[in-house]
Structure formats: structure tokens, C-alpha cells
Amino acid sequence: MCSPLTDLAADLDRHLAGAAARFGTPAYVYATDEIEARLAHLRAHLGRWFAVSFAVKSNPNPALLGWMRDRLDCLDISSGGELALAREAGWDAAKISFTGPAKRETELRAAIRAGLGELVVESLREARLADAVAAELGRVQPVLIRLAPARVPKGFGDQMAGRPSPFGVDVEDADEILPQIAALPNLRIIGLHIYSGTQCLKSQAICENWRIFMQVFSDTCAALDLRPEKLIFGAGLGIPYHPGDNALDLAEIAAGIGPELGAFAARFPATRLVLELGRYLVGPAGWFVTRVVSVKQSRGTRIAICDGGLNANLAASGNFGMVLRRNYVMHRVGGDESGTRPQEKQDISGPLCTSIDKLGGGVLLPRLDEGDLLAIHGCGAYGPTASPLHFISHPMPAEVLVTGGQMREVTRIRDG
Ligand SMILES: Cc1ncc(COP(=O)(O)O)c(C=O)c1O
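Residues numbered from 1 in each chain as written. Predicted model: local features only at pLDDT ≥ 70, side-chain atom pairs only at ≥ 80, totals over all residues. Heavy atoms only, no water.

An unreviewed UniProt entry lists the protein under the name Diaminopimelate decarboxylase, with Paracoccus thiocyanatus as the source organism. Check the Cofactor (unreviewed entry) section of the UniProt entry for the protein; it says "pyridoxal 5'-phosphate". (UniProt positions renumbered as here; feature names shortened; annotations may be inferred.)

This is the structure in C-alpha cells:
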């Protein structure tokens, strides 16, 4: 599992219980000190080569985006809605890139009009549409072309290339498509983008994937005679969610790929290399806190039924891209403070009337009773934003930001 990099661990339960008492449950608690420590750790190992871009899709909470404004180099958005959130959080549009396979004309217009840093073009159709919009606005829009490599190494939890995929231009088609994009008068190709897989916990696979990126980038730049200003590496860095998962070793990645990255950077001295990621930064810095509403003993199994389940946290229920449902790491807030609770295997379910609303099966925890709080780890990314919050109309989860021991409510989506 993933241990906090800060000394938050000692005080974690006090914060989680405090957040639940003040703002209600279910609640997401995000610790900015932990995000800061993770960013420092990332930069210590990979900052020699890379700037860091945060993928808003992983956590679009406006307060968090505002907190990131002076700490991260750039943002990647994937919709007009995320553009609005980033702008409201004070981000300069020039520091924002825009990915996504089905951008609408209205989104393109809003982004280009705002002065978007780079449009990440995913197809010839999109390039033509963006070119027309840029012409209408009297602009020349900087673009990165998203490429989909032919191969993704084994070990990625989600794969966006290496097989039929809606994302980007397949490398096999690049010779035919890229010159047509380059000929569009109101777009200026300033670089390339690859995001081909994510949630990888194997250092060797990450290194191998970046090796593939470097090859694709080199070949494409040579073919287009492009001296890129920016090359975006979709990081793919995974985080441990389940008992027994081991955290990635960034030192191992840096040692494994550093010399090749150094040589690559030397060949492109005027190019900014960027790592694009979400979950690695914010995932382990977030906890989902839910309260046990009822306990049922059912045919030999103790089931703790909680006030937040799949509706508030789809990912932890195993229904967000997991092939086989596995328990997330979780603990009873307060542990066994009285020393009287036997450790027991229990099932954890949510409040919905469906059997898929399950947060844990046979989880070994101090016996849970009505009113207890349960904290699920690794929930700082793909939380409320990736959950069917309106399903069965339960209250929206609260969102709480803890910074230097201070707590404030930052709930984005409210009831009503
Ligand atoms: C284009 C793109 N960028 C960034 C991300 C963020 O991935 P992660 O949160 O796993 O780092 C994704 C995830 O799907 C993505 O598709």
C-alpha cells in the first residue's frame, strides 16, 4: 500500500473524524500537504527532464485547482466544463492544454477564444474544425498532435493505444494525416502528445512505454521536419489501491530511463518535455469517509451498510474500469480504540438497492457497529467526478481540504 509522505498519518483519524463531524458523511478529505510532498517527490526524481501537467479529469475540485495554480506548471483539460473550472480557479489559459476525442465546436470556440495554450488535436476532422474556428476568430492556434503508438507494454490498468482506439492519430496513419494537418493555415503544430496507458505499477513497463514515446516522437519530428516546442508524455504512473499493491519506485524509473531521457532532451534542446498525470499526485492524498448506518448479520456474514457507496464512490466499488472487483485499502476510523473489538471479516455495502453497491468483501477490520466511520484510502482521484452522484438521489458527498492541519469545506456539487 501507499504510506503518506508527510506526518499526516499520525493525525489522520483525528482529521477524518473531524471532517465527518463538521461536514457530514459521506465525505472526501484531500490533504494538500500530501499532494505537495508527492509533487516534490516527483520533481526530485523526474524534474530534471520534465515539467508537470495535472489532468483535471482526475480531480476537478475548484479549490484544489486554485491551490495548484502556483505550484504546477500546466493543466490538461478534457472538456469545455473543465476549461471553465480551470479559468474560475484562476488558471491562465496559456498554461492549459485540451485533450479529448470528441471535442464539440462550441468547446473549441471557447478554448481558442480564451487563448488556450495548446489544442491537442486527435483527428483530421477535429483539426479541420479547429482550423475553421480559429479562422473565424482571426487566430492561429498552437496545437499538439496526439499520436496513438502501435504498442503498449503489459502492465497498464487502462490502455488507450496498441489496439483499435478512439484516441489520437494511429502511428500507422501518421504519414497520411499529419501533413494534411500541417497544411491547415490557422493551426500551428508546436509539438506532439502521447497518452497510451495508465495505472501502471511496474517501473520497467513505464520505462519501456516512454522509450516507445521517444521513438515515435523522434520519427514524427523527422518526418514533419518539426522542431517541437513541447512534447507531452502521458505518464501512466499508477498508485496502489489494494492490499498487497506496491507503490511505484520513482528512483528506479529515473535510473532505468534517465540516460535515454538525457540523450533525448539533448537532441531537442529547445523543447519542453512535460509529464501529464492525475492520480499519482492526488490519489493517495484523498480518503473517502463513510458512516455505518446499519449492521446486518446475514447467513453467517456480517454486513456493514454505509451511507456512501457506489453512488458517491464508483471506483472503490470496483465498477470504474476494474475487471475483477478487489477491495481498496480501508480502515475503521479510530481503529480499535477501546481494545474490545475483535478483528473480523466483514462485508461493506452502500445505501443503494443494488447488489453491485459493495465497497468491500470479507474485509478484515475491527468489528464495525452502527455509527462507526470507515475510511477508504487512495480516493483523491476519480472520486465524485467519476461517480453517478444522482443515482437514487442520496445526499452529495462533502469535499474537505486539509492544509497544514486547517480544514475547510470545498464541496463542488451540492444537493438540490
Ligand atoms: C489524455 C489523458 N491524460 C491524463 C490522464 C490522467 O491519467 P492518470 O490520472 O491515471 O494519471 C488520462 C487518463 O485517462 C488521459 O486519458
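Having put the structure on the table, let's press on.
Right, let's get into helix 8 (residues 203-224). Its 22 residues place the ends of helix 8 31 Å apart at the C-alpha level, agreeing with the 32 Å of an ideal helix rising 1.5 Å per residue. Positive phi appears at D225, one or two residues downstream of helix 8, with a value of about 55°. (Helix = DSSP H or I, 4+ residues; strand = E, 2+ residues; numbered from the N terminus. Expected span 1.5 Å × (residues − 1).)

Below, the discussion takes up empty space enclosed by the protein. The final tally for this structure, using the stated rule, is two cavities of 30 Å³ or more. There is about 90 Å³ of room inside the second largest cavity. Around the second largest cavity sit 13 residues that line it, and P384, T385, E399, R412 and I413 are the ones nearest its centre. Broken down by class, the residue content of the lining of the second largest cavity amounts to five nonpolar, six polar and two charged. (1 Å grid on protein atoms, 1.4 Å probe; cavity = no way out; pocket = protein on both sides within 12 Å on 5 of 7 lines; lining within 4 Å. Points joined across faces, edges and corners; volume = space filled by probe spheres on them. Nonpolar A, V, L, I, M, F, W, Y, C, P; charged D, E, K, R; others polar.)

Burial along strand 3 (residues 74-77) is two-sided: C74 and D76 and L75 and I77, pointing in opposite directions, are all buried. Where strand 2 (residues 50-55) and strand 3 come together, three bridges link them in parallel fashion. Bridge pairing links A55 to D76 in strand 3. Following the backbone out of strand 2, through helix 3 (residues 62-68) and into the adjacent parallel strand 3, one traces a crossover that is right-handed. Examined bridge by bridge, strand 3 and strand 4 (residues 96-98) share three bridges and lie parallel to one another. Paired with L75 across the bridge in strand 4 is I96. Taken together, strand 3, helix 4 (residues 80-88) and strand 4 form a β-α-β motif whose crossover is right-handed. (Buried < 20%, exposed > 50% of the residue type's maximum accessible area, 1.4 Å probe, protein only. Pairing = 2+ DSSP bridges. Right-handed = clockwise from strand over helix to strand, strands pointing away.)

Right, let's talk about the pattern of salt bridges for a bit. In total, this model carries 23 salt bridges according to the counting rule given. Salt-bridge contacts for R109 lead to E136; the nearest nitrogen and oxygen are separated by 2.8 Å. Taken together, the positions of R109 in helix 5 (residues 105-114) and E136 in helix 6 (residues 124-137) put the pair 27 residues apart, joining distant regions of the chain. Residue classification places R109 among the buried positions, given a relative accessible area of 18%. A salt bridge links E337 to R332; its shortest N-O distance comes to 3.1 Å. Judged by relative accessible area, which is 55%, E337 ranks as exposed. A relative accessible area of 4% places R332 in the buried class. Each of R302, R332, E337, R341, D369 and D372 takes part in a single network of salt bridges with overlapping partners. (Salt bridge = Lys/Arg side-chain N within 4 Å of Asp/Glu carboxyl O.)

Looking now at the environment of P366. When you line up the elements, P366 lands in strand 17 (residues 358-366). For P366, the contacting residues outside a window of four places in its chain are R332, G335, D336, R341, P342, Q343 and Q346. (Contact = heavy atoms within 4.5 Å.)

Let us look at the layout of surface pockets. Reported here for the largest pocket is a volume of approximately 1100 Å³. Contributing to the lining of the largest pocket are 47 residues, with G157, D158, T198, Q199 and R279 lying nearest its centre. Listing elements by their share of the lining of the largest pocket, those giving two or more residues are strand 7 (156-159), strand 10 (197-200) and strand 12 (272-277). The dominant element in the lining of the largest pocket, judged by the number of residues it contributes, is strand 7, at three residues. Taken together, the residues of the lining of the largest pocket sort by class into 21 nonpolar, 16 polar and ten charged. Shared between two domains, the lining of the largest pocket takes at least three residues from each, and those domains are domain 1 (92-277) and domain 2 (284-409). If you trace the second largest pocket, you find it lined by V171, A174, D175, L178, P179, V216, D219, T220, A223 and L224. Elements with a minimum of two residues in the lining of the second largest pocket: helix 7 (174-182) and helix 8. Ranked by the residues each element gives to the lining of the second largest pocket, the list is headed by helix 8, at five residues. (Domains from an automatic or database assignment.)

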